[in-house]
Amino acid sequence: MRPLDGVRVLDLTRLLPGAYATLLLADLGADVVKVEDPRVGDGMRSLPTSGAERRPYFALLNRNKRSITLDLRSPDASAVLDALCRHADVIVDSFRPSAARRLGVDAATLRSRHAHLVCASISGFGQSGPYAERAAHDINYQALAGLLKPPDLPGPLIGDVGAAMHTVIGILAALLQRARTGAGSVVDVSIHEAAIAWTMFPSTGDLANACYNVFETADAQWLALGALEPKFWTGFCERIGRPDLAPLQHAHGDERARVLRDVRAVMRGRTREEWLARFADADVCLSTIHTLDDAFADPHAVDRGVVSRQSTVVYITPPHVPIRPSPALGADTDDVLEAAGIDAAGRARLRAAGVI
């Protein structure tokens, strides 16, 4: 058994934060039912991306889930959602607070009829405060959190990813509380606050030094060094033939810059493979810098079973988790609604009216 076997999650979210949160729950065993608009579905199905790597983000983040269609704006949707909620443990949405209330999927409305539900809401700025109704995306949350350094664009969408993790932690805690009390509860997650949380941690730039940097080799390849601890730095200096640099790990000012220049010059004296061979049995935190394809083919990742290929999609999973590809829009509507007590005739009426 997996920890969340038997737990049903209704996923009303769109785009990355909710998709990743419910993916993590699915990997723990939850039955995740993705509730999508019958006309276009989740916008991530057609998310435009640029660059050489046009990765299928919807497929990557929505594996191991089921999809049903339901137009939450329809007056007939409320009864359908109630039927689904009776059989669910958790419901997750990513609407602005006023939109959730307008659609009747806010925690207060749902828990008034389904006290057992854990209602998790992922919104830009949380359920209260002067920014609660603001529209924003990850770049805005990082900007407001003080994480951006113009003109550089941010890297990973850390606000979105952090919010997904906060959501999962909140849901797991709420399920534990419900096991003790029998009552559901509310999980309020702000992507803005998830972005601010990252300011507690050092960045690579904060740690950058000769002992924590990337170095070009003679063949225009690169190696990454993370020799933060003195024993690693000393071992590195010995292998490159510069034991004199070992006492200067945390030099300041001009001397700090000189140590970095010296190490760069030494590292450019051999090819990447020559350095890797020289450090093969050394415990110094030196590694090659992979391309994405290299990372997927890395023998450690393969041995751990965290990379799975199906057709053209490369999935990243916990070790050896079985893969069920992301569902087609509405693929599971009939099965899920049948189990919720809505018979074929009822589904035909809903479908004819465009509700599902």
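Residues numbered from 1 in each chain as written. Predicted model: local features only at pLDDT ≥ 70, side-chain atom pairs only at ≥ 80, totals over all residues. Heavy atoms only, no water.

*Asks:* Before we move on, could you go through the environment of T333 and cite the residues and values that matter?
*Replies:* Take T333: it is sitting in helix α15 (residues 333-339). A C-alpha to C-alpha distance of 8.6 Å links T333 and L70, two positions 263 residues apart in sequence. A distance of 2.9 Å separates the side chain of T333 from the backbone oxygen of G330, its partner in a polar contact. (Helix = DSSP H or I, 4+ residues; strand = E, 2+ residues; numbered from the N terminus. Polar contact = N/O pair within 3.5 Å; in protein donor to acceptor, adjacent residues only side chain to side chain.)

*Asks:* Would you mind going over helix α16 (residues 344-352) in detail, with residue names and values included?
*Replies:* For α16, the full list of buried residues reads G346, R347 and L350. When α16 is viewed along its axis, its buried side chains cluster within an angular range of 95° and face the same direction. Residues of α16 that are exposed and point more than 90 degrees away from the buried face comprise R349 and A352. Check the buried side of α16 and you find it contacts α3 (77-86) and α15. Taken from the residues just after α16, G354 is the one with a positive phi, measuring 80°. (Buried < 20%, exposed > 50% of the residue type's maximum accessible area, 1.4 Å probe, protein only. Arc of directions from axis to C-beta. Contact = heavy atoms within 4.5 Å.)

*Asks:* Would you mind going over the packing of aromatic side chains in detail, with residue names and values included?
*Replies:* Enumeration according to the criterion identifies 6 aromatic pairs in this entry. Residues F236 and F279 carry aromatic rings whose centres are separated by 5.6 Å and whose planes lie at 20° to one another, so their mutual orientation is stacked. Residue F236 is located in helix α10 (residues 230-239), and its partner F279 is located in the loop between α12 (272-278) and β9 (286-288); the two are separated by 43 residues in the primary sequence. Taken as a pair, F236 and F279 share a single burial class, namely buried. Aromatic ring contacts, followed pair by pair, group W233, F236, W275 and F279 into a single cluster. Above the face of the W275 ring, R270 is positioned so that its terminal group lies 5.3 Å from the ring centre. (Phe/Tyr/Trp six-rings, centres within 6.5 Å; stacked < 30°, edge-to-face > 60°. Lys NZ or Arg CZ within 6 Å of the ring centre and 35° of its normal.)

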